Amino acid sequence: MTQRARIAVRGAVQGVGFRPFVYQLAHQLDLPGWVLNSPQGVFIEVEGENKILEAFVVRLQKEKPERSSIQSLELSYLDPIGMNGFEIRESENQGERTTLVLPDIATCEVCLGEVLNPKDRRYLYPFANCTHCGPRFTLIESLPYDRAATSMKRFEMCEACRREYEDPRDRRFHAQPIACPDCGPGLELWDGNGETLAAHHQALMEAAETIRCGEILAVKGLGGFHLVVDAGNEQAVTRLRRRKNREEKPLALMFPKLVDAKLVCEVSDLEERILLSPESPIVVLRRRSQRVEIAPSVAPKNPFLGVMLPYTPLHHLLMNELGSPVVATSGNLSDEPICIDEREATERLRRVADRFLVHDRPILRHVDDSVVRVLAGRELILRRARGYAPLPLHVGSAAPGILAVGGHLKNTVAVTVGDNVFLSQHIGDLETSEAYSAFRKVIASFQELYGAEPERVAADMHPDYLSTKYAADQGLPMISIQHHYAHVVSCMAENELEGRVLGVAWDGTGYGLDGTLWGGEFLLCEGASFQRVAKFRDFRLPGGERAIKEPRRAALGALHAIFGDALFEQVDLAPLDSFTGQELVVLRRMLAGTVNSPATTSAGRLFDVVASVTGLRQKCSFEGQAAMELEYAIEDEGDHPNYPFVLSSQTVDWEPTLRAILTDVENKVPVGKISARFHRTLAEIIVDVARQIDEKRVLLTGGCFQNVFLTERAIQRLEAEGFRPYWQQRVPPNDGGLALGQAVAASYLLARSEQDVPCSTRKAT
Ligand code: ZN
Ligand code: ZN
Ligand code: FE
């Protein structure tokens, strides 16, 4: 299939013969398109068959001019527009110049070579970096990017470093974080009270020993602390889970080298490229058979593992010393933001970590590891943080002066500067005061970095979100954006779509226009307006919020919608059996009187219903767990018929689906088959609604579309029926993408209000 690849390249790619190189490469592969040099970086668009586009990207990185270096490469696929020939476009020098803050970049090959070379003066030095790699966003205080405005200002360069720094021919020419063992930051190993046990390389060696002994090591890295344990030591992993208060959510792994990761997981060419990229995120990979020893508690009941490779010299040295994979999870307690300061860490992580491997280079802002999964042959960013933030996104255009505060879970914020949208790093769930204070800090630092003075603030409609309350307190005109509309606009924006589209926004829950909990929505969107053209039949969630943690509650609600009170006379129903008699009395009363049991159309909760009635899971220890397990349970033999459903008067009725599932459960059909049939049915529902609405362009967004089987199946079915599916790539489909949608939706509303149509802008009280 022909597609258009949009590639944004940043780094040392200007004035080094990069454009002629791109021109020649495109010619060799016979790809039409253009290349453009702008103050924001080098932009390339090429159009062609998938395979050739992929080859282009691989060769772009492998064969680039000698003096160039790529520090960031963002790739999105857009609709083809019928390009002819290849041109080098004139540089864009007009317009507002927004200086970019580059993200933190993984250690380059050359620096790594030095660190491992006994003859080099940076041998075993954990803070080596150069003009082409090393920390950026995490150590920049303010712009312009100069050593005096970074957290390296307290270290005075030695003679040797200064010579490199001042020599235009040196690869450390103007490398602001330049450092060496004589003048730069150093390592220390601390006990739980912050007493020094060892320093420099000795600290690293003893830290490695701590891990080998099965103890928990807190490591101060690039954007915050990791908690590290031996990934092969089940006892150590369970102790970490217990102390961190994290029951079952999968833990990320760091492998010494790519070859080690390949022993444990299947790694495709695309996945390999992502693992080795300067962004160096966590990549979700499918496990091979369990023969290599990874402790079962790392990712219980999960056929995938989150895998990353070392991305600083410190990580490389530690992993080299160990020679085997470790768990490297964010250094925090459940739900809190990641720790960045060593004194604070010994306080907050006192009960979690046995020892602390720290250094004296301050981390100015927390940046978590990013998470990427390959979906339908493309990258899908599930958590956008290290390596990607704070680069702007290409979204066509946005109105300036907007601050978008995001949602409640997986919060990110966005600011518009000129027509750029800068999306913040992942902040997290705004459930704790620590998270809320991190949220305010990120907003303040974004405004400072980019000199952005917001004139308007965009927020979710949910009156109880902390982010919404914050927005209302700013004394600025506030623009409320409906949750699922924001999801759809986020997807529209990154696919650069204009005009009418059908947005399929499926997630856990979001506040609806009617005050109920939406989550299984079909929105026909056109610019600033949208129409809810279809939705799932609603059902009640007894206990409200508690239903998110207990799929069995969603199941009772859905079954009650079918059977009414007679539900409680049924026998052999997994959700009923999981409650005590006493609990059922209360729940029965709730559902009868509709007390504390809000109605929802949520697709995410429907996954919970199916997980519960099939006996797969009744209670969750993290958001989305039941849906994830239902996806992982799939045994698809391709021949299962779909379940029935009814689509009428803008409502998708799942009653026939659920009845058929109950029959399958009764007939002891394996859960894997039921799950496959259920997923396929959902894809069919999307196709049917698209057909009824008669809209060719269908956008898949919301947390449910992190589900690879569902999304790939929906894409495949839509294409087969002549529709054109779109999904997210650079921005998460989950609530991490809301801020972008809010910023762009607010821009639409402003543009419309300029045409004298009333818009929902209102003055905050
Ligand atoms: Zn380097
Ligand atoms: Zn030095
Ligand atoms: Fe959502």
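Residues numbered from 1 in each chain as written. Chains lettered and ligands numbered in written order. Predicted model: local features only at pLDDT ≥ 70, side-chain atom pairs only at ≥ 80, totals over all residues. Heavy atoms only, no water.

Comments concerning the overall build of the protein chain
For the protein chain, the helix and strand inventory stands at 23 helices and 32 strands. Along the three orthogonal principal directions, the C-alpha set of the protein chain runs to about 85 × 60 × 55 Å. By residue count, 61% of the 765 residues in the protein chain fall in the buried class. Long-range contacts, defined as pairs at least 24 residues apart, comprise 71% of the intrachain contacts of the protein chain with a sequence gap of at least 6. In the form shown here, the protein chain has an accessible surface area of approximately 29,100 Å², with 48% of it arising from carbon and sulfur atoms. (Helix = DSSP H or I, 4+ residues; strand = E, 2+ residues; numbered from the N terminus. Buried < 20%, exposed > 50% of the residue type's maximum accessible area, 1.4 Å probe, protein only. Contact = heavy atoms within 4.5 Å. Areas by Shrake-Rupley, 256 points an atom, 1.4 Å probe, with all protein chains shown as cover.)

So, the layout of surface pockets
Here the second largest pocket is characterised by a volume of approximately 1,400 Å³. In this structure, the second largest pocket is lined by 42 residues; those nearest its centre are Lys 64, Thr 107, Cys 108, Glu 109 and Leu 276. Mapped by element, the contributors of at least two residues to the lining of the second largest pocket are α2 (50-62), β4 (69-78), α3 (109-115), α8 (269-275) and α9 (313-322). Per element, the largest residue contribution to the lining of the second largest pocket is four residues, and it comes from α8. Its residues placed into classes, the lining of the second largest pocket shows 19 nonpolar, eleven polar and twelve charged. (1 Å grid on protein atoms, 1.4 Å probe; cavity = no way out; pocket = protein on both sides within 12 Å on 5 of 7 lines; lining within 4 Å. Points joined across faces, edges and corners; volume = space filled by probe spheres on them. Nonpolar A, V, L, I, M, F, W, Y, C, P; charged D, E, K, R; others polar.)

Here we look at the sheet that holds strand β5 (residues 86-89)
The five strands lie next to each other as β4-β1-β3-β2-β5, forming an open sheet whose pairing is mixed. With one partner strand each, in any of the chains shown, β4 and β5 form the two edges of the open sheet. Averaged over all adjacent pairs, the angle separating strand axes in this sheet is 15°, with direction ignored. Summarising the sheet, strand β1 (residues 2-12) and β4 pair through nine bridges and their orientation is antiparallel. Opposite Ile 7, over in β4, you have Leu 75 as the bridge partner. Relative to the sheet, α2 contacts β1, β3 (41-49) and β4, its axis offset from that of β3 by approximately 150°. (Pairing = 2+ DSSP bridges. Axes fitted to C-alpha atoms, helices over the stretch in contact; angles between N-to-C directions.)

Considerations on the coordination of the zinc ion (ligand 1)
For a metal bound by four donors in a tetrahedral arrangement, the ideal donor-metal-donor angle is 109.5 degrees, while six donors in an octahedral arrangement ideally sit at 90 or 180 degrees. The coordination sphere of the zinc ion (ligand 1), as far as protein atoms go, consists of Cys 108 (SG), Cys 111 (SG), Cys 130 (SG) and Cys 133 (SG), spread over 2.3 Å. In primary-sequence terms, the residues that donate to the zinc ion (ligand 1) follow C-x2-C-x18-C-x2-C. One end of the pair, Cys 108, is in the loop between β5 and α3; the other, Cys 133, is in the loop between α3 and α4 (159-166), with 25 residues separating them in the sequence. Neither Cys 108 nor Cys 133 differs from the other in exposure class; each is buried. (Donors = N, O, S within 2.8 Å, 3.2 Å for Na, K, Ca; no water.)

A look at the coordination of the iron ion (ligand 3)
With distances of 2.1 to 2.3 Å, the protein atoms coordinating the iron ion (ligand 3) are His 483 (NE2), His 487 (NE2), Asp 507 (OD) and Asp 735 (OD). Coordination at the iron ion (ligand 3) is irregular, judged from the four donor atoms that bind it and the angles of 86 to 170° they form at the metal. Taken in chain order, the donor set of the iron ion (ligand 3) reads H-x3-H-x19-D-x227-D. Of this pair, Asp 507 sits in strand β23 (residues 500-511) while Asp 735 is found in the loop between β31 (724-727) and α23 (738-754), placing the two residues 228 residues apart along the sequence. Residues Asp 507 and Asp 735 agree in their burial class; the two are buried. (Tetrahedral: all angles 85-135°; square planar, octahedral: opposite > 155°, others 65-115°.)

A word on the pairing of strand β30 (residues 697-701)
By the criterion of burial, β30 is predominantly enclosed, with four of the five residues buried. In the sheet, β23 pairs with β30 via four bridges, with the strands oriented parallel. When the sheet's bridge partners are listed, Ala 505 is paired in β30 with Thr 701. Here β30 pairs with β31 via four bridges, running parallel. Paired with Arg 697 across the strands is Arg 724, a residue of β31. Handedness of the crossover joining β30 and β31 through helix α22 (residues 708-720) is recorded here as right-handed. (Right-handed = clockwise from strand over helix to strand, strands pointing away.)

Points about the packing of helix α18 (residues 603-613) against helix α19 (residues 625-633)
The N-to-C vectors of α18 and α19 enclose an angle of 65°; their axes lie 8 Å apart at closest approach. The element α18 and its partner α19 pack so that their crossing is left-handed. The residues of α19 that touch α18, namely those facing Phe 607, Asp 608, Val 610 and Ala 611, are Ala 626, Ala 627 and Leu 630. When its residues are assigned to classes, the contact of α18 with α19 shows six nonpolar, no polar and one charged. (Left-handed = near helix turned anticlockwise from the far one by under 90°.)

Here we look at the packing of aromatic side chains
Enumeration over the complete set of coordinates arrives at 15 aromatic pairs. Put simply, the rings of Phe 137, Phe 422, Phe 446 and Tyr 450 pair up and form one aromatic cluster. Directly above the ring of Phe 304 sits Arg 373, whose terminal nitrogen or CZ lies 4.7 Å from the centroid. Looking at Arg 532, its charged tip hangs above the ring of Trp 518, at a distance of 3.8 Å from the centre. (Phe/Tyr/Trp six-rings, centres within 6.5 Å; stacked < 30°, edge-to-face > 60°. Lys NZ or Arg CZ within 6 Å of the ring centre and 35° of its normal.)

Focus: the environment of Thr 594
Mapped onto the elements, Thr 594 comes out in the loop between α17 (581-593) and β27 (599-600). With 457 residues separating them in the primary sequence, Thr 594 and Phe 137 have C-alpha atoms 50 Å apart.

Re helix α11 (residues 433-449)
In this model α11 runs 24 Å from its N-terminal to its C-terminal C-alpha over 17 residues, within 8% of the 24 Å that 1.5 Å per residue would give. Buried within α11 are the following residues: Ala 435, Tyr 436, Ala 438, Phe 439, Val 442, Ile 443, Ser 445, Phe 446 and Leu 449. Elements in contact with the buried residues of α11: β18 (402-404), β19 (414-417), β20 (420-423) and α12 (466-472). Two residues or fewer after α11 comes Gly 451, characterised by a positive phi angle close to 55°. (Expected span 1.5 Å × (residues − 1).)

Overview of the nonpolar core
Core analysis: the biggest nonpolar cluster contains 135 residues, and Trp 506, Phe 522 and Ile 686 have the highest contact counts within it. At ten residues, the largest contribution of residues to this core is made by helix α21 (residues 671-693). Core analysis: the second largest hydrophobic core is formed by 42 residues, Ala 231, Ala 261, Val 283 and Tyr 388 among them. (Core = buried A, V, L, I, M, F, W, Y, C linked by side-chain atoms within 4.5 Å.)

Quick notes on the sheet that holds strand β11 (residues 282-286)
With mixed pairing, the eleven strands of this open sheet are ordered in space as β7-β6-β14-β8-β9-β13-β10-β12-β11-β15-β16. Of all the strands in the sheet, just β7 (196-199) and β16 (378-383) have a single pairing partner and so form its edges.

Things to note about the confidence of the model for the protein chain
When pLDDT is averaged across the protein chain, the result is 93; 97% of the residues are at 70 or more. Low pLDDT, under 50, characterises residues 756-765; the predicted model gives this stretch 20 contacts beyond four residues in sequence or across chains. (pLDDT = per-residue confidence, 0-100.)

A short note on helix α13 (residues 483-494)
In this model α13 runs 17 Å from its N-terminal to its C-terminal C-alpha over twelve residues, within 8% of the 16 Å that 1.5 Å per residue would give. Across the twelve residues that make up α13, a large majority, twelve, are buried. Looking only at α13, the buried set comprises His 483, His 484, Tyr 485, Ala 486, His 487, Val 488, Val 489, Ser 490, Cys 491, Met 492, Ala 493 and Glu 494. N-cap assignment for α13: the residue whose side-chain oxygen lies 2.8 Å from the backbone N of His 484 is Gln 482. After α13 finishes, the residue Glu 496 shows a positive phi value of roughly 50°. (Polar contact = N/O pair within 3.5 Å; in protein donor to acceptor, adjacent residues only side chain to side chain.)

Considerations on the pattern of salt bridges
Per the counting criterion, the structure on display carries 48 salt bridges. Across the pair Glu 347 and Arg 350 runs a salt bridge whose closest N-O atoms are separated by 3.1 Å. Lys 410 is the partner of Glu 623 in a salt bridge, and the nearest nitrogen-oxygen pair spans 2.9 Å. With a gap of 213 residues between them, Glu 623 in the loop between α18 and α19 and Lys 410 in the loop between β18 and β19 connect regions that are remote in the sequence. Its relative accessible area of 24% is what places Lys 410 among the partly exposed residues. (Salt bridge = Lys/Arg side-chain N within 4 Å of Asp/Glu carboxyl O.)

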